[in-house]
Number of protein chains: 2
Amino acid sequence: MTIPFAPVALEHASRLLNHGPTVLVTSAHGGRRNIMAAAWSMPVEFSPPRIAIVIDKNTFTRELIAASGIFGVCLPGAALADLTFAVGSCSGRESDKFARFGIEAAKGPVLGVPLLEAGCAAWMECRLIPEAHTEDAYDTCFAEVVSAAADPAVFANGRWNFSPDNAALHTLHHLGAGNFACAGDVIRARPL
Amino acid sequence: MTIPFAPVALEHASRLLNHGPTVLVTSAHGGRRNIMAAAWSMPVEFSPPRIAIVIDKNTFTRELIAASGIFGVCLPGAALADLTFAVGSCSGRESDKFARFGIEAAKGPVLGVPLLEAGCAAWMECRLIPEAHTEDAYDTCFAEVVSAAADPAVFANGRWNFSPDNAALHTLHHLGAGNFACAGDVIRARPL
């Protein structure tokens, strides 16, 4: 799989989640793998880049992450709205969602987690920072981003560049029930 | 200040943050008050509605929230992009930002926190859930939403209704450096 993703400097990784996109969480352990959608994530630190993400303790993904200590976060573009909703609406415990939905995954360069590039704007490889209390009480997992990359057509030099030319890569922001707002209409604040 | 905000049922409160908007955090204690912008927040639980939000420990807002145990979360609409960036770019420790920027604030019905309605799509009143470790290690504050309301022109019956008619109320999603993506271009996922 050869797609022209380019590395994102770690000091710019927080920008990938700064505007609240819905993401795909990928995980693997012991010969099994999974992918799910997650609307609830955010950066918590610029450097080292750290994030928090809510992953229900009953999901197969939580089981794989607890076992492996690592996971991937991929940012689907608008063209993947149907897939994003689909993988967020079924469990991978019984059947492999990659096979079921024909999802091609590469291996992350640092941690080897499954990563999607086709149709995605960016990805991150994350190492779980074990926090038993918040994982239990709030299903909130903290993690450090150890590598990141993006399609330079939409994110380069630490900046998003949304334009009509790259509409298929505009990030998705789940409103609920399969409706997504797409980031694309950009305004620039003027000094007051 | 009479603006036709309507109550949001608490079981729908998570929808207000589900798509990752940048918010304004309001706080008050001992005769002082403050307002800041925060891009890093997310729901963590549907019911009771709980959220996590990153507020730097060096901010005046953290000081006021630590003292009062409560805060407000307001969702600025696109028309408030300049104000959102302005209150996110200066501290309220030395001077009252409400006065400086001519911000009118009402008092929340349950907790009495300062709340903005004009130009905003929605607000929530939040009670801090003290979590000393995550507040210290990740600047991440957990809170329970105890009341919420929205402008029914853009959010009603638990659903966002973005249309060209209510563009001024489209939520802001900070891309960095004063550039915001506005939620407005909505697509609906189809079953795969």
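Quantities reported herein were computed from a predicted structural model and do not represent experimental measurements.

Colleague: Account for the relation of the copies chain B and chain A, naming residues and giving values.
Modeller: The transform that puts chain B on chain A rotates by 180 degrees and translates by 0.0 Å along the axis, for an RMSD of 0.0 Å. This pairing of chains is accounted for by a two-fold axis. For chain B, the residue whose C-alpha comes nearest the rotation axis is Gly20(B), separated from it by 1.8 Å. The overlap is high: 100% of the interface residues of chain B also sit at the interface in chain A, so the same surface is used on both sides.

Colleague: Got a sec to walk through the sheet that holds strand 15 (residues 185-188) of chain B? Specific residues and values, please.
Modeller: Strand order in the open sheet formed by three strands is 13(A)-14(A)-15(B), and the pairing between neighbours is antiparallel. Among the strands making up the open sheet, the edge pair consists of strand 13 (172-176) of chain A together with strand 15 of chain B. Averaged over neighbouring strand pairs, the angle between their axes works out to 35 degrees when direction is ignored. Bridge count between strand 14 (residues 179-182) of chain A and strand 15 of chain B: four bridges; the pairing is antiparallel. In the sheet register, Phe180(A) faces strand 15 of chain B, and the bridge partner there is Ile187(B).

Colleague: Hey, could you go over the sheet that holds strand 14 (residues 179-182) of chain B for me, with residue numbers and the actual values?
Modeller: Pairing is antiparallel in the open sheet, where three strands are placed in the order 15(A)-14(B)-13(B). Either end of the sheet is taken by a strand with one partner, and the two such strands are strand 15 (185-188) of chain A together with strand 13 (172-176) of chain B. Across the sheet, the axes of successive neighbouring strands diverge by a mean angle of 35 degrees, strand direction being ignored.

About the criteria used
- Residues numbered from 1 in each chain as written.
- Chains lettered and ligands numbered in written order.
- Predicted model: local features only at pLDDT ≥ 70, side-chain atom pairs only at ≥ 80, totals over all residues.
- Least-squares fit on C-alpha atoms with pLDDT ≥ 70 in both.
- Contact = placed C-beta atoms within 7 Å.
- Pairing = 2+ DSSP bridges.
- Helix = DSSP H or I, 4+ residues; strand = E, 2+ residues; numbered from the N terminus.
- Axes fitted to C-alpha atoms, helices over the stretch in contact; angles between N-to-C directions.

By themselves these figures say nothing about function.
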